[in-house]
Amino acid sequence: MKAHCTATYRIYDDRADFASKAEGIAVGMTVGSWTELPEAQKADMAKHLGQVLSVVPVESDIPGERYADITIAYPDVNYSRDLPALLVTMFGKLSMDGRIRLMDIEWSDAFKQAFPGPKFGLDGVRKLVDVHDRPLLMSIFKSVIGYDLPALAEQFRQQALGGVHIIKDDEILFENPLTPIERRVKACIETADAVSEQTGRKLLYAVNLTGPTFKLRDQALRAIEAGANAFLFNVLAYGFDVLHALSSDPDISVPIAAHPAMAGSMYPSPHHGIAAQLLLGKLMRLAGADLVLFPSPYGSVTMPAEDTFAIRDALTRQDMALQRSFPVPSAGIHPGIVPLIIRDFGTDVIVNAGGGIHGHPLGTAAGGRAFVQAIDAVMQGKTLESCAADQEELRAAIQAWGVKQ
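Residues numbered from 1 in each chain as written. Predicted model: local features only at pLDDT ≥ 70, side-chain atom pairs only at ≥ 80, totals over all residues. Heavy atoms only, no water.

A.B. asks: How should the overall build of the chain be read in this particular structure?
C.D. replies: Within the chain, the regular secondary structure consists of 17 helices and 12 strands. Here the C-alpha atoms of the chain give a radius of gyration of 23 Å, agreeing with the 22 Å that 2.2 N^0.38 yields for 405 residues. Each of the three principal axes of the chain carries a C-alpha extent, and together these read 80 × 50 × 40 Å. Burial analysis of the chain (405 residues in total) assigns 53% to the buried set. Contacts in the chain between residues far apart in sequence, at least 24 positions, make up 74% of those at least 6 positions apart. Looking at the chain as shown, the accessible area adds up to about 17,000 Å², and 53% of this sits on carbon and sulfur atoms. Each charge class in the chain was averaged separately, 37 positive and 47 negative side chains, and the resulting centres sit 1 Å apart. (Helix = DSSP H or I, 4+ residues; strand = E, 2+ residues; numbered from the N terminus. Rg over C-alpha atoms; globule rule 2.2 N^0.38 Å. Buried < 20%, exposed > 50% of the residue type's maximum accessible area, 1.4 Å probe, protein only. Contact = heavy atoms within 4.5 Å. Areas by Shrake-Rupley, 256 points an atom, 1.4 Å probe, with all protein chains shown as cover. Lys, Arg positive; Asp, Glu negative; His and termini not counted. Charge placed at Lys NZ, Arg CZ, Asp CG, Glu CD.)

Below is the structure:
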């Protein structure tokens with residue numbers, strides 16, 4: 001059993017000796033100094049010393065630019081079993097030392113044992129909505145700031161009637177006098193139950209869990225007492241450790257959907273920050289996210305396809321110690337994009353839409369039905385255009401937004 005976690009960095013430097021740079025990081029991020037230590041002290045400190053595992057120089061496609069991928073092992077004895085300790089050890093002050101990007105982390109078995117991972121995961125969420133052989137459909141409340149409870153409940157009802165499996169709050173819907181979380185949950189869950197009586201479908205409502213950090217647990221428990229059956233959580237605004245605390249709490253017995261708000265400050269630069277597959281993939285899964293939203297390659301806020309596929313793989317790769325998390329490629333999704341989503345992400349994916357449902361020419365409920373029809377078409381091996389001939393909702397969606405190739 002290995003007794004260290006490893007970090008892989010991409011370091012850009014036009015003149016550096018990358019091997020020397022790697023040794024400097026391994027020493028500087030662990031014992032701080034090595035050559036100046038007396039021999040007796042070196043013996044005592046050896047178990048704390050970082051070790052360079054590999055240095056792979058690369059000539060960039062950009063003329064004159066050089067970089068190297070280096071991997072360093074950090075002994076488990078150096079940090080407690082929590083993500084803040086590990087991230088500060090691996091990338092704390094180093095993140096400010098020039099053009100350097102954290103590309104990946106591999107956990108030791110001992111470190112990973114402190115993290116139960118997703119409580120429900122992909123398979124558990126499927127069980128909750130009783131849908132096992134096709135993509136799930138999620139819709140988003142839109143333009144709800146300033147709504148009162150009856151208006152909010154009506155928007156919820158229209159989304160539910162459209163055939164979605166999960167309805168989530170907008171990430172910017174916080175505590176407010178008109179729709180405080182307990183009353184919001186009660187109104188929406190009552191509406192969900194009423195629609196389920198009509199349709200027979202099960203429905204999750206991911207209410208936005210917000211407020212001061214040290215009050216989040218109490219807020220979550222009050223929401224669950226009111227009937228909450230899922231949470232939305234802005235993980236990066238609070239930190240991975242807060243997600244870990246919530247997801248591993250035995251009294252917080254509902255799935256957690258991780259929103260990627262703030263991620264754009266961390267992953268897009270090739271020279272700085274944290275790679276998307278680590279930030280929105282591996283770390284989210286380890287910390288316990290059951291569903292993870294991230295920009296798709298297709299819509300209004302896009303991410304390079306290779307990054308989205310790396311996130312997909314990080315969330316769904318088989319790992320006996322961790323449940324799989326549901327990938328949720330998002331932003332600007334309409335029914336004409338559904339074939340691409342299923343082609344690229346398979347059926348273990350959640351199709352997530354806001355404007356593509358609420359902006360449908362025939363209304364919100366019709367917008368949901370158009371997505372259901374699009375998913376049905378792909379699952380049957382048919383084109384959207386052929387199915388739209390006798391499906392009014394799908395036809396109107398295609399007329400409005402087209403089919404993305």
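A.B. asks: Got a minute to help me understand the pattern of salt bridges in this structure?
C.D. replies: Any two side chains of opposite charge can pair, given that their charged atoms come close. Taken as a whole and judged by the stated rule, the model has 22 salt bridges. Between Glu106 and Lys282 there is a salt bridge, with its nearest N and O atoms 3.2 Å apart. On the criterion of sequence distance, the pair formed by Glu106 in strand E4 (residues 100-106) and Lys282 in helix H11 (residues 276-287) is long-range, its members being 176 residues apart. Looking at Glu106, the relative accessible area reads 36%, which means it is partly exposed. (Salt bridge = Lys/Arg side-chain N within 4 Å of Asp/Glu carboxyl O.)

A.B. asks: Sorry if this is basic, but what is going on with the UniProt feature "domain: Ribulose bisphosphate carboxylase large subunit C-terminal" (unreviewed entry) in the chain here?
C.D. replies: With numbering matched to this structure, UniProt assigns "domain: Ribulose bisphosphate carboxylase large subunit C-terminal" (unreviewed entry) to residues 124-401. Within the segment residues 124-401, helix and strand shares are 46% and 13% respectively, and the terminal C-alpha atoms sit 33 Å apart. (UniProt positions renumbered as here; feature names shortened; annotations may be inferred.)

A.B. asks: Help me out: how do you make sense of the packing of aromatic side chains in this one?
C.D. replies: To describe a pair of aromatic rings, you give the distance between the ring centres and the angle between the ring planes. In this structure the tally under the stated criterion is 11 aromatic pairs. Centroid distance Phe141 to Phe156: 6.0 Å. Interplanar angle 40°. Geometry classified as tilted. You can see Phe141 sitting in the loop between strand E5 (136-140) and helix H6 (149-161) and its partner Phe156 sitting in helix H6, a full 15 residues away along the chain. Relative accessible area serves as the criterion here: at 0%, Phe141 is assigned to the buried category. Taking the relative accessible area as the measure of exposure, Phe156 reaches 0% and is therefore buried. Each residue in the set Tyr79, Trp107, Phe111 and Phe115 is aromatic and connected to the rest through ring pairs, giving one cluster. The ring centre of Trp107 lies 5.7 Å from the NZ or CZ of Lys282, which sits over that ring. (Phe/Tyr/Trp six-rings, centres within 6.5 Å; stacked < 30°, edge-to-face > 60°. Lys NZ or Arg CZ within 6 Å of the ring centre and 35° of its normal.)

A.B. asks: What exactly am I supposed to notice about the sheet that holds strand E7 (residues 204-208) here?
C.D. replies: In a beta sheet, neighbouring strands are held together by backbone hydrogen bonds and run either parallel or antiparallel to one another. Taken together, eight strands build an open sheet; the order of strands is E11-E10-E9-E8-E7-E6-E5-E12 and the sheet is parallel. Each edge of the open sheet carries a strand with a single partner, namely strand E11 (326-330) and strand E12 (350-353). Within the sheet, the average angular offset between the axes of one strand and its neighbour, ignoring direction, is 25°. Relative to strand E9 (residues 256-259), strand E8 (residues 230-234) runs parallel, the two sharing four bridges. (Pairing = 2+ DSSP bridges. Axes fitted to C-alpha atoms, helices over the stretch in contact; angles between N-to-C directions.)

A.B. asks: Would you mind showing me how to read the side chain of Thr316 here?
C.D. replies: Within the secondary structure layout, Thr316 lies in helix H12 (residues 305-316). Here Arg312 takes part through its backbone oxygen, which lies 2.7 Å from a polar atom of the side chain of Thr316. Once residues within four sequence positions are removed from consideration, Thr316 is found in contact with Leu122, Arg285, Arg324, Ser325 and Pro327. (Polar contact = N/O pair within 3.5 Å; in protein donor to acceptor, adjacent residues only side chain to side chain.)

A.B. asks: Can you help me understand the domain arrangement of the chain in this one?
C.D. replies: Note: interface size is frequently given as the accessible area lost on complex formation between the parts. Domain annotation for the chain reports domain 1 (4-113) and domain 2 (120-401). A C-alpha centroid distance of 36 Å is found between domain 1 and domain 2. Residue-level contacts link 19 residues of domain 1 with 20 residues of domain 2. With both chains or domains summed, domain 1 and domain 2 bury close to 1,600 Å², and 61% of this area falls on carbon and sulfur atoms. For domain 1, the biggest contributors to the area lost against domain 2 are Leu83, Arg101 and Lys112; these three give 36% of the whole. At the boundary of domain 1 with domain 2, the tally comes to three salt bridges. Among the salt bridges present, the one from Lys112 reaches Asp319, with a minimum N-O distance of 3.2 Å. Broken down by secondary-structure element, the contributors of at least two residues to the side of domain 1 that touches domain 2 are helix H3 (83-91), E4 and helix H4 (109-112). Considering each element in turn, the side of domain 1 that touches domain 2 owes the most residues, seven residues, to E4. Split into classes, the residues belonging to the side of domain 1 that touches domain 2 amount to 11 nonpolar, one polar and seven charged. (Domains from an automatic or database assignment. Buried area = accessible area lost by both parts, 1.4 Å probe. Nonpolar A, V, L, I, M, F, W, Y, C, P; charged D, E, K, R; others polar.)

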